[in-house]
Amino acid sequence: AACLVSLSTACAATEPAADAGPSASVDVPSPCDGLLEIGLCRLADGGGPCRGALDAPTEFVAVPDPATVSIVLGEQGSWMIGLAARTRGIAPGDPERPSDTDNPALEVRVVDAAGVLVAVYRGRVAFVPDASDPTLLVCSAIDVVTDVVLGGTLAVVATVRDHGGVTHCGRLALTIAP
């Protein structure tokens, strides 16, 4: 995979909040340029959802905002959502050296409908050119491990900053399919 990011959550919700909806509130960095697109991760060889395998070839799948997604059982036995991100105009980093300080810094935050932070990741990852468009850079394996209730709503906000200071951010509202 181009990059692998794991987020663990500790959400103990058993049903969505009464006012839950696809517009779950989360702080977006200001100004947010919306140039970091968040989508789903799909296995390149069979088209199924990503399940956290480190060596599986993956790809970015664009989804509407808000999107309804399914939770899948991951390689290590946890329920998860495979996310991906893509952007242009950043220094991509080196996928052969995942913790290299020249790799872009990625932050992904996930909140539930009540605004409670249920997962966060901060680390360095490499983005790689998309096969269909070499100017488009993709990080296609961001695994969100979750026990959020089926039918619940999440908001994902991500920010990437390359070693030169170029910063892009984006958000995506998700409803977990029952």
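In this text the structure is predicted, and so the values were computed from the model without any measurement. The residue numbering used here restarts from 1 in each chain and proceeds along that chain's sequence as written. Note on the predicted model: pLDDT of at least 70 is required for a residue's local features to be given, and 80 or more for side-chain atom pairs to be given and counted; whole-chain, interface and lining totals, by contrast, use all residues. Only heavy atoms go into the side-chain values, all of them from the structure, while hydrogens and water stay out.

S.K.: A description of the nonpolar core should follow, citing residues and the corresponding values.
M.R.: Nonpolar core, defined: a set of buried Ala, Val, Leu, Ile, Met, Phe, Trp, Tyr and Cys residues in which side-chain atoms within 4.5 Å join the residues together. Each residue's exposure class comes from its accessible area (1.4 Å probe, protein chains only) as a fraction of the maximum for that residue type: buried when under 20%, exposed when over 50%, partly exposed otherwise. Counting residues in each nonpolar core, the largest one holds 29 residues, and the members touching the most others are Ile-81, Phe-127 and Leu-174. A helix here means a DSSP run of H or I that spans at least four residues, while a strand means a run of E at least two residues long, and both kinds are numbered starting from the N terminus. Secondary structure elements with two or more residues in this core: strand E2 (37-43), strand E4 (67-69), strand E6 (79-87), strand E7 (105-112), strand E8 (117-124), strand E10 (133-145), strand E11 (153-161) and strand E12 (167-176). Element by element, the count of residues in this core is highest for E11, at 4 residues. By the convention used here, residues are in contact when the closest approach between their heavy atoms is within 4.5 Å. Contacts of Leu-174, omitting those with residues within four sequence positions, involve Ala-67, Val-69, Leu-83, Gly-152, Thr-153, Leu-154 and Val-156. Listed in part, the 5 residues of the second largest apolar core include Cys-41, Cys-50, Phe-60 and Ala-84.

S.K.: An account of the sheet that holds E8 is requested, with residue identities and associated values reported.
M.R.: Pairing in this open sheet of 5 strands is mixed, and the strands run E4-E12-E11-E7-E8 from one edge to the other. Here the strands that pair on one side only, and so sit at the sheet edges, are E4 and E8. Direction aside, the axes of adjacent strands within the sheet are offset by 25° on average. Two strands pair under a simple rule: DSSP has to find at least two bridges between them. As paired elements, E7 and E11 share 8 bridges and run antiparallel to each other. Paired with Val-108 across the strands is Ala-158, a residue of E11. Angles shown run from 0 to 180 degrees and are taken between the N-to-C directions of axes, each axis being a line fitted to C-alpha atoms and, for helices, limited to the stretch in contact.

S.K.: Mind laying out the pattern of salt bridges, listing which residues take part and the relevant values?
M.R.: Proximity of charged atoms lets side chains of opposite charge pair with each other. Salt bridges are identified by distance alone: a Lys or Arg side-chain nitrogen within 4 Å of an Asp or Glu carboxyl oxygen. All chains considered together, the criterion is met by 6 salt bridges. Across the pair Arg-97 and Asp-100 runs a salt bridge, and its minimum N-O distance is 3.1 Å. The buried category is assigned to Asp-100, whose relative accessible area is 13%. Look at the salt bridges and you will find they share partners, linking Glu-107, Arg-109 and Arg-122 into a network.

S.K.: Explain the state of the cysteines to me, and be specific about the residues and the numbers.
M.R.: Here, two cysteine sulfur atoms that lie within 2.5 Å of each other are counted as a disulfide. Counting across every chain of the model gives 2 disulfides. With its sulfur 2.0 Å from that of its partner, Cys-32 forms a disulfide with Cys-169. With Cys-32 in the loop between strand E1 (5-8) and E2 and Cys-169 in strand E12, this residue pair connects regions lying 137 residues apart in the sequence. One disulfide bridge connects Cys-41 with Cys-50, the sulfur atoms lying 1.9 Å from each other. Taking the sign of the S-S torsion, about -65° here, the bridge from Cys-41 to Cys-50 comes out left-handed. When sorted by exposure, Cys-41 lands in the same class as Cys-50, which is buried.

S.K.: An account of unusual backbone geometry is requested, with residue identities and associated values reported.
M.R.: Backbone torsion omega between Asp-65 and Pro-66 reads 10°, so that peptide bond is classified as cis. One can find Pro-66 in the loop between strand E3 (58-61) and E4.

S.K.: Describe the confidence of the model for the chain, naming the residues involved and giving the relevant values.
M.R.: Scored between 0 and 100, pLDDT is the confidence that the predictor attaches to each residue. In this model, the chain carries an average pLDDT of 78, and 77% of its residues clear a pLDDT of 70 or more. Averaged pLDDT values over the elements of the chain bottom out at 44 in E1 and peak at 93 in E12. Under a pLDDT of 50 for its full length, residues 1-28 has, in the predicted model, 80 contacts with residues more than four places off or in other chains.

S.K.: Tell me what's going on with the pairing of E6, and back it up with residues and numbers.
M.R.: Burial of E6 is extensive: 8 of the 9 residues sit out of reach of the surface. Two strands pair when backbone bridges link them, and E2 and E6 are joined in this way by 4 bridges, in the antiparallel orientation. Each bridged residue has a counterpart across the sheet, and for Glu-37 the counterpart in E6 is Arg-86. Sheet analysis places strand E5 (residues 72-73) next to E6, joined by 2 bridges and oriented antiparallel. By the bridge assignment for E6, Leu-73 is matched with Trp-79. Taking the residues between adjacent antiparallel strands as the criterion, E5 and E6 are bridged by 5 residues, where Gly-77 takes a positive phi near 85°.

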